[in-house]
Amino acid sequence: MKTLLDLIVGDPQADRSVPQTGMTARLTLFVSAVMAFLAVIALAVSLTTNRVASLWAEDLAESATLRLPADPVTADALLLSALDVLETTPGISSVRALSKDEQQALLEPWFGPDLPLDALPMPQLIEIVADGDGYDVDGLRARLTAQVPGAILDDHTAWREPLLDAANRVRLIGWSVILLIGATVAAMITLAAQAALAANVQVISVLRLVGAKDAYIARAFVRRFTLRAGAGAIVGVACGALVLLVVPQGDVAGGLLLGVGFDGAEWILPLLIPLLAAIVAFFATRAAAFRRLREQT
């Protein structure tokens, strides 16, 4: 706590002894703001993708579709047999045979509204909703094979697994981008600190002649760049939050572009970015300052 207080309050005498360099000050503020803005956007996209994928995967895991053969002669008998099998299967909470209008609505985006779907033989679709414990998929398939010939059960596994895999990859990319942003901030501040130390080499020499220690000299640079990085990151986070607030919102399950942002407690995460930027700047400047001072000995 004392170290944090000393960093914030600083040593006025040490701050006055080392002149400020305008270019490095503006560069540090600008780059910190831009990187914090990008970090907020990357974090929001990563978290939103995870939420959307989780909702979709949960919906797919709870539902399944049974498709019966498109045979007008046996359609009614197969439907009754299928409903009997499904209603007596443990783990299934509800079953519902889709109406002809609902099935036509499903095909309309593919064939258009003008196609005479009434003249086409369409397989009967049955919607299956599982309860919390779920049901034995393999066992149900075996019963359907024996009692409802030609029935095909789709438990949406082929859709759910690629969706979760894609979401995991997007989340990994998002965190990788955030790590790269942190590395960029560290590299930029290191270069800016070295430039400031090089520009004040004569002042540093005079301070050493009057007995100033390297820790005393480095403290002024560390405090200056740490506070600049934190201040710039605050501006970047504020701009990023404003951008997310004006993004069109909607049902998060309806589409990614309609729900990018933070939800509930997730808003705490962007507030940590300025603190992380200041920590990165502290250690980067400290390492650069002592290395440069040793070289100037």
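Residues numbered from 1 in each chain as written. Predicted model: local features only at pLDDT ≥ 70, side-chain atom pairs only at ≥ 80, totals over all residues. Heavy atoms only, no water.

## Considering the nonpolar core
Short version of the rule: For our purposes a nonpolar core is just a set of buried Ala, Val, Leu, Ile, Met, Phe, Trp, Tyr and Cys residues, chained together by side-chain atoms within 4.5 Å. Think of it in three bands: with a 1.4 Å probe and only protein chains considered, a residue is buried below 20% of the maximum accessible area for its type, exposed above 50%, and partly exposed in between. Secondary structure follows DSSP: runs of H or I at least 4 residues long count as helices, runs of E at least 2 residues long count as strands, and numbering of each begins at the N terminus. Contact criterion: two residues are considered in contact whenever any of their non-hydrogen atoms come within 4.5 Å of each other.
One finds Ile189, Ile217, Phe221, Phe225 and Phe262 to be the most contacted residues of the largest nonpolar core, which totals 36 residues. Counting residues per element, the ones that place at least two in this core are helix 3 (22–62), helix 7 (157–199), helix 8 (201–209), helix 9 (214–246) and helix 11 (273–295). Not counting chain neighbours up to four residues away, the residues in contact with phenylalanine 262 comprise Val40, Leu43, Ala44, Leu47, Arg51, Leu244, Trp267 and Pro270. Within the second largest apolar cluster, 20 residues are counted, among which are Ala82, Ile128, Tyr135 and Val137.

## Considerations on the confidence of the model for the protein chain
Counted only if it meets this: The pLDDT score gives, residue by residue, the confidence of the prediction method on a 0 to 100 scale.
Averaged over the protein chain, the pLDDT score is 79; the fraction of residues at 70 or greater is 82%. Highest mean pLDDT in the protein chain belongs to helix 10 (residues 268–271) (90); lowest belongs to helix 1 (residues 2–9) (50).

## Observations concerning the pairing of strand 3 (residues 125–130)
Note the following rule: A strand pair is defined by DSSP finding two or more bridges across the two strands.
With five bridges connecting them, strand 1 (residues 63–67) and strand 3 associate as antiparallel partners. Looking at the pairing, alanine 64 lines up with isoleucine 128 of strand 3. In this sheet, strand 3 lies alongside strand 2 (residues 92–97) in antiparallel orientation, the contact comprising five bridges. Counterpart to alanine 97 in the pairing with strand 3 is isoleucine 126.

## Points about the packing of helix 4 (residues 75–87) against helix 6 (residues 137–147)
The condition is simple: Angles here are taken between N-to-C directions and fall from 0 to 180 degrees, while the axes themselves are lines fitted to C-alpha atoms, restricted in helices to the stretch in contact. Throughout this description, any angle smaller than 35 degrees is read as roughly parallel, any larger than 145 degrees as roughly antiparallel, any in the 65 to 115 degree range as roughly perpendicular, and the remainder as oblique. A clockwise turn of the near helix away from the far one marks a right-handed crossing, whereas an anticlockwise turn of less than a right angle marks a left-handed crossing. Charged residues are taken to be Asp, Glu, Lys and Arg, nonpolar residues to be Ala, Val, Leu, Ile, Met, Phe, Trp, Tyr, Cys and Pro, and polar residues to be all remaining types, Gly included.
At a minimum axis separation of 10 Å, helix 4 and helix 6 run at an interaxial angle of 155°. The pairing of helix 4 with helix 6 is recorded here as roughly antiparallel in orientation. Where helix 4 crosses over helix 6, the handedness of that crossing is right-handed. Residue-level contacts link Ser81, Val85 and Leu86 of helix 4 to Leu140, Arg143, Leu144 and Gln147 of helix 6. Per-class residue counts for the contact of helix 4 with helix 6 are four nonpolar, two polar and one charged.

## Details of a nonpolar patch on the surface
Spelled out, the test is: Only residues whose relative accessible area exceeds 30% and that take part in no salt bridge are eligible for patches, with like-charged residues grouped when within 9 Å of each other and nonpolar side chains (Val, Leu, Ile, Met, Phe, Trp, Tyr) grouped when within 5 Å. Shrake-Rupley sampling with a 1.4 Å probe provides the accessible areas, and residues are treated as covered by the protein chains on show and by no other component. Note on definitions: salt bridges are taken to be side-chain nitrogens of Lys or Arg within 4 Å of carboxyl oxygens of Asp or Glu.
Taken together, the side chains of Ile268, Leu269, Leu272, Leu275, Leu276, Ile279 and Phe283 present a nonpolar region at the surface, about 650 Å² in accessible area. For the nonpolar patch, the secondary structure elements donating two or more residues are helix 10 and helix 11. For the nonpolar patch, the leading source of residues is helix 11, giving four residues. Within the secondary structure, isoleucine 268 is located in helix 10.

## Some words on the packing of helix 9 against helix 11
Orientation of helix 9 relative to helix 11, taken along the N-to-C sense of each, is 150°, at an axis distance of 8 Å. By the angle between their axes, helix 9 is roughly antiparallel relative to helix 11. Seen along the crossing, helix 9 lies across helix 11 with a hand that is right-handed. In terms of residue class, the contact of helix 9 with helix 11 is built from 19 nonpolar, three polar and two charged.

## So, the sheet that holds strand 1
Taken together, four strands build an open sheet; the order of strands is 2-3-1-4 and the sheet is antiparallel. The outermost strands of the open sheet, each flanked by one partner alone, are strand 2 and strand 4 (152–154). Taken over all neighbouring pairs, the strand axes of this sheet differ in orientation by 20° on average, direction set aside. Packed on one face of the sheet, helix 6 meets strand 1, strand 2 and strand 4 and runs near 160° to strand 4.

## A closer look at the pattern of salt bridges
A full pass over the atoms with the stated rule returns four salt bridges. For glutamate 266, the salt bridge goes to arginine 51, with nearest N and O atoms at 2.5 Å. Taken together, the residues glutamate 266 in the loop between helix 9 and helix 10 and arginine 51 in helix 3 connect sequence positions 215 residues apart. Each member of the pair, glutamate 266 as well as arginine 51, is classed as buried. Salt bridges sharing common partners tie together Arg96, Glu102 and Glu127.

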